[in-house]
Amino acid sequence: MQTIEQRLAALRAKMREAGYAGYYIPTDDFHLSEYVGAHFKARAYMSGFTGSAGTLVVLEHEAALWVDGRYFLQGEQQLCGTPITLQKSGEEGVPTILEYLKEKLPEGGVLGMDGRTVPAATGLSFKKELAQRKVTLAPERDLVGEIWADRPPLSDRPAWVLDTKYAGQEAGEKLAAVRTAMAEHAATAHVLASLDDIAWLFNLRGDDVAYNPVLLAYAVIEPEKAYLFAEEGKLPEAVRAHLASLNTEVLPYGGVYDFVARYGAGTKVLLSESRINYALYARLVDAGASLVDAENPTVYRKAVKNAAELENLRRAHIKDAVAMVRFMRYLKDNIGKIPMTEISASDYLESLRRAQEGNLGLSFDTICGYGPHGAIVHYAATPESDVPLAPRGLLLVDSGGQYYEGTTDITRTFALGPLTEEEKLHFATVLRSMLNLAAARFLSGVRGANLDVLARAPFWEQGLDYKHGTGHGVGYLLNVHEGPNSFRWQNPANSAVLEEGMVTTDEPGVYIAGKHGIRLENELVCRKGEKNAFGQFLYFEPLTLVPIDLDAVEPSLLNETDRARLNAYHALVYETLAPHLDADERVWLAEYTRAI
């Protein structure tokens with residue numbers, strides 16, 4: 001097995017051959033997915049860093065990896081002993097990737113990249129900004145693929161049709177809505193590359209990306225016909241018949257790049273520069289099409305769950321909660337009595353989820369971090385890092401499932417035994433934060449960024465903060481991270497207006513390196529409340545119904561409002577879950593949802 005140093009040396013040899021002064025390696029696949037299949041993990045192959053987000057830049061004599069706050073600790077650990085410098089994005093004194101490239105690349109140099117893995121918006125920005133130093137982009141070659149001898153092949157898993165009783169709307173109706181949006185832009189065609197948009201639009205699901213039930217495909221929508229670019233061997237007869245009923249022609253997966261050349265002068269193509277890759281964008285530019293950069297019409301429609309999806313989601317969350325309650329009881333009854341580790345606990349929780357009717361697996365790789373490992377926001381236990389669980393301290397478990405009825409995402413932090421005063425204070429702070437946001441009442445037109453302070457306030461009062469967003473949208477049997485809705489103050493311009501039917505997580509946390517991590521997470525669905533002279537008000541309904549561990553709660557650290565909110569939530573948890581549990585489980589649940 002090659003070392004990181006050897007891989008970098010091989011890449012640099014290819015760079016010299018191509019005349020590249022630098023090479024840019026993002027995390028993305030050809031569809032700019034957050035999570036990618038094994039074939040696309042070029043950045044992980046070249047750096048050894050396995051987080052879901054990060055960008056590697058390789059120059060002739062140095063290399064650097066940019067990660068966000070979720071991955072500072074993981075990045076430090078995984079890059080240790082390599083010649084790659086960790087760049088902590090957003091921290092004081094840390095250059096952006098573009099600033100670094102402007103400084104480091106020689107005037108007149110060439111920056112190489114696989115343009116199929118770079119957002120068009122990024123490619124265009126780099127092209128414009130680097131032109132100041134007469135640096136040009138070369139997006140044609142996949143140099144990592146040229147040196148990766150045992151690269152995994154593209155997934156060949158079959159796709160399947162999602163029944164309308166789960167989707168809540170016929171694919172034909174969705175296509176009609178997209179065509180209406182196209183007509184508003186006078187568009188000849190709409191080009192889609194984002195996998196979750198394509199899956200949602202056609203009511204298709206797949207198994208090409210771990211934990212995300214999507215299929216590798218591109219789509220082009222015209223006023224009278226649609227085209228799906230996917231390997232035909234992945235499409236069973238039922239899928240082909242479904243697509244035929246939608247007047248959708250299936251063409252080879254890689255054929256989209258030549259296909260879009262048909263849109264020449266006089267045509268207008270609707271696309272999103274942030275959701276289509278640079279290589280595909282360049283083909284359209286070369287063909288002479290007029291390009292309209294606008295959000296994909298599917299994005300907001302997908303984010304606002306319909307009535308059937310919401311009812312299904314409530315059922316999915318009950319199933320998921322039953323699994324979580326049984327897991328919590330297992331921990332409480334057995335800690336210190338039988339051997340348990342981070343991995344064995346995670347595996348047991350997975351088995352409980354998979355036992356639920358309609359479960360299709362996990363929605364992401366479970367984060368199960370004990371003690372100091374909990375402070376690594378996206379910790380992933382390995383045989384090398386796995387540690388035994390002991391009857392003391394805190395265990396953070398962030399997990400979720402995929403069900404026919406929807407996607408779940410929940411975090412609970414459990415007290416496995418006695419806690420320190422600091423741990424009790426931090427747990428209370430996280431709990432108060434989560435309850436504050438969940439209780440929000442707000443006017444129509446408010447954005448997620450406007451509400452983030454409700455969660456941050458208990459932290460800021462103590463001079464604390466967390467280096468991630470407070471919440472993200474969640475797909476319906478799709479990606480566990482879905483836009484455009486979120487709770488994140490840092491980028492208000494990109495924060496969506498919250499609308500009835502949007503599902504967003506509420507997940508503040510505190511992370512003390514070398515000590516502990518605490519995060520609590522519920523999914524919330526936005527609902528309409530009263531309408532009066534001041535306008536339409538909205539509120540949140542909790543979809544996640546799992547006890548907060550009262551063994552970690554020090555009541556004196558909560559005020560009267562906090563306790564009332566927690567007690568009301570626990571009463572709802574018991575009322576909803578009790579009919580789905582046996583007698584012993586109900587007795588146990590009553591104790592862990594008691595009023596405090």
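For every chain, the first residue of the written sequence is number 1, and numbering continues from 1 onward in sequence order. At least 70 in pLDDT is required for a residue's local features to be given in this predicted model, at least 80 for side-chain atom pairs to be given and counted, and no such filter applies to totals for whole chains, interfaces and linings, which use all residues. In computing side-chain properties, one takes all heavy atoms of the structure into account and sets aside hydrogens as well as water.

**Quick word on the overall build of the chain**
Stage number 1. Along the chain, the regular secondary structure elements total 19 helices and 28 strands.
Stage number 2. Values of the radius of gyration come from C-alpha atoms, whereas the globule rule sets the reference at 2.2 Å times the count of residues to the power 0.38. The C-alpha atoms of the chain give 25 Å as radius of gyration, which agrees with the globular expectation for 596 residues (25 Å, within 12%).
Stage number 3. Considered along the principal axes of its C-alpha atoms, the chain spans approximately 70 × 55 × 50 Å.
Stage number 4. With 596 residues in all, the chain has 57% of them scored as buried.
Stage number 5. Accessible surface for the chain amounts to roughly 23,400 Å². Of this, 52% is attributable to carbon and sulfur atoms. We count a stretch as a helix when DSSP gives it H or I for four or more residues in a row; a strand needs E for two or more, and each element gets its number in order from the N terminus. The buried label goes to any residue with under 20% of its type's maximum accessible area, the exposed label to any with over 50%, and the partly exposed label to all in between, with areas taken from a 1.4 Å probe on protein chains only. Here the open area of atoms and residues is found with the Shrake-Rupley method and a 1.4 Å probe, where only the protein chains shown may cover a residue.

**Some words on the domain arrangement of the chain**
Stage number 1. Each domain's limits were defined by an automated method or a database of domain assignments. Assigned domains within the chain: domain 1 (4-146), domain 2 (160-298) and domain 3 (304-593).
Stage number 2. Of note, the centres of domain 1 and domain 2, computed from C-alpha atoms alone, are 29 Å apart.
Stage number 3. We call two residues in contact when some of their heavy atoms are within 4.5 Å. Between domain 1 and domain 2, the residue contacts involve 20 residues of the former and 19 residues of the latter.
Stage number 4. Note on terms: buried area is the combined drop in 1.4 Å-probe accessible area of two parts once they are placed together, counting the loss on both. Counting the surface domain 1 buries against domain 2, the share from its top three residues, His31, Ala120 and Leu124, is 38%.

**A short note on the side chain of Asp562**
Stage number 1. Tracing the chain through its elements places Asp562 in helix H18 (residues 560-577).
Stage number 2. With sequence-adjacent residues up to four places away left out, Asp562 is seen in contact with Arg432, Leu435 and Asn436.

**Observations regarding the nonpolar core**
Stage number 1. Throughout this description, the term nonpolar core refers to a set of buried Ala, Val, Leu, Ile, Met, Phe, Trp, Tyr and Cys residues connected via side-chain atoms within 4.5 Å. Ranked by size, the top nonpolar core spans 72 residues in total, and within it Leu389, Phe442, Phe540 and Ile548 carry the most contacts.
Stage number 2. If you tally residues by element for this core, the top one is helix H14 (residues 307-334), at nine residues.
Stage number 3. Sequence-distant contacts of Ile548, that is, excluding residues within four places in its chain, are made with Arg412, Phe427, Leu431, Met434, Leu520, Val553, Leu566, Tyr569, His570 and Tyr592.
Stage number 4. Counting 58 residues, the second-largest nonpolar core is a separate cluster that includes Ala193, Leu243, Val260 and Ala289.

**Focus on helix H19 (residues 583-592)**
Stage number 1. Inspection of H19 places Glu585, Trp588, Leu589 and Tyr592 among the buried residues, and these make up the whole buried set. For H19, the buried positions fall inside an angular range of 100 degrees around the axis, keeping them on one side.
Stage number 2. On its buried side, H19 packs onto H14 and H18.
Stage number 3. N or O atoms closer than or at 3.5 Å make up a polar contact, with two conditions inside protein: a donor-capable atom paired with an acceptor-capable one, and, for residues adjacent in sequence, both atoms drawn from side chains. Of the residues that open H19, the one with a side-chain oxygen 3.2 Å from the backbone nitrogen of Asp584 is Asp582. This arc is taken over the directions from the axis of the helix to the C-beta atoms.

**Focus: the sheet that holds strand E14 (residues 290-293)**
Stage number 1. At least two DSSP bridges between two strands are required for those strands to pair. Taking strand neighbours across the sheet as the criterion, the six strands line up as E12-E11-E10-E8-E13-E14 in an open arrangement whose pairing is mixed. The open sheet has two edge strands with one neighbour each: strand E12 (248-251) and E14. In this sheet, neighbouring strand axes are inclined to one another by 20 degrees on average, regardless of whether the strands run parallel or antiparallel.
Stage number 2. Summarising the sheet, strand E8 (residues 189-192) and strand E10 (residues 218-221) pair through three bridges and their orientation is antiparallel. Residue His190 lies in a different strand from E10, and its bridge partner there is Ile221. An axis is simply a line fitted to the C-alpha atoms; with a helix, the fit covers only the stretch in contact. Between two such axes, the angle follows the N-to-C directions and lies from 0 to 180 degrees.

**Quick notes on the pattern of salt bridges**
Stage number 1. Definition used for salt bridges: Asp or Glu carboxyl oxygen within 4 Å of a side-chain nitrogen of Lys or Arg. Summed over all chains, the structure comprises 42 salt bridges.
Stage number 2. Across the pair Asp258 and Arg283 runs a salt bridge, and its minimum N-O distance is 3.1 Å. Here Asp258 is found in helix H11 (residues 256-259), whereas its partner Arg283 is found in helix H12 (residues 278-287), with 25 residues between them in sequence.
Stage number 3. Put simply, Asp562 and Arg432 hold a salt bridge, and the shortest N to O gap is 3.4 Å. Here Asp562 is found in helix H18, whereas its partner Arg432 is found in helix H16 (residues 421-438), with 130 residues between them in sequence. Of the two residues examined, Asp562 and Arg432, each falls in the buried class.

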